[in-house]
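Chain and residue survey
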Amino acid sequence: MSELRPAPWITRDSSFFWEAAKRCELVAQRCTGCGKLRQPPRPMCPFCNSVEREEQVLSGKGTVYTWVMPRYPAIPGFEDGRIVVVIDLAEGIRMVSNLCDIAYEDVTREMCVEVFFEEAQDGFKIPLFRPASV
Ligand code: ZN
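Residues numbered from 1 in each chain as written. Predicted model: local features only at pLDDT ≥ 70, side-chain atom pairs only at ≥ 80, totals over all residues. Heavy atoms only, no water.

Notes on the sheet that holds strand β2 (residues 37-38)
The 3 strands lie next to each other as β2-β1-β3, forming an open sheet whose pairing is antiparallel. The sheet terminates laterally at β2 and β3 (53-57), the two strands that pair on one side only. As defined by bridge partners, strand β1 (residues 27-31) adjoins β2 across 2 bridges and the pair is classed as antiparallel. Paired with Gln 29 across the two strands is Arg 38, which belongs to β2. Strands β1 and β3 of the sheet are contacted by helix α1 (residues 15-22), whose axis makes an angle of about 140 degrees with β1. (Pairing = 2+ DSSP bridges. Helix = DSSP H or I, 4+ residues; strand = E, 2+ residues; numbered from the N terminus. Contact = heavy atoms within 4.5 Å. Axes fitted to C-alpha atoms, helices over the stretch in contact; angles between N-to-C directions.)

Here you go:
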């Protein structure tokens, strides 16, 4: 049994993301100026420079864009052998996460994946991805 991952580093811009993850919801910032989603969370819209934003709940569905298996050095608090993946989310934004429940050799580009949430330290949950159930 591996120990829990460290709690995420919380900023004023990212706290909504981690609070939603505690509720097992994957969310992103939506600019209320131009309506575009932005990920990762940031203080200003890169499209229209608005600082106004709201939170949007995402489907948690996506496809694999690219992936890699870091081998060295191992990061303290993280289980070795995790697949680091870039996901094209259904809503049109990308997210970096881990891909679980699959062997590295079996990962394919554009394979369908879905989010799930793993317990972390201090009551946080981390959004991770696995092959879609259907
Ligand atoms: Zn905008």
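Observations regarding the side chain of Lys 125
Its place among the elements puts Lys 125 in strand β8 (residues 125-131). Those residues in contact with Lys 125 that lie beyond four places of it in its chain are Trp 18, Ala 21, Lys 22, Cys 24, Phe 117, Glu 118, Glu 119 and Ala 120.

A closer look at the coordination of the zinc ion
Protein-derived coordination of the zinc ion comes from Cys 31 (SG), Cys 34 (SG), Cys 45 (SG) and Cys 48 (SG), at a distance range of 2.3 Å. Given 4 donor atoms and angles of 101 to 116 degrees at the metal, the environment of the zinc ion is assigned as tetrahedral. Linear spacing of the donor residues for the zinc ion on their chain is C-x2-C-x10-C-x2-C. Taking the relative accessible area as the measure of exposure, Cys 31 reaches 1% and is therefore buried. Take Cys 34: its relative accessible area is 35%, and that puts it in the partly exposed class. (Donors = N, O, S within 2.8 Å, 3.2 Å for Na, K, Ca; no water. Tetrahedral: all angles 85-135°; square planar, octahedral: opposite > 155°, others 65-115°. Buried < 20%, exposed > 50% of the residue type's maximum accessible area, 1.4 Å probe, protein only.)

By themselves, these observations are geometric and do not establish any function.
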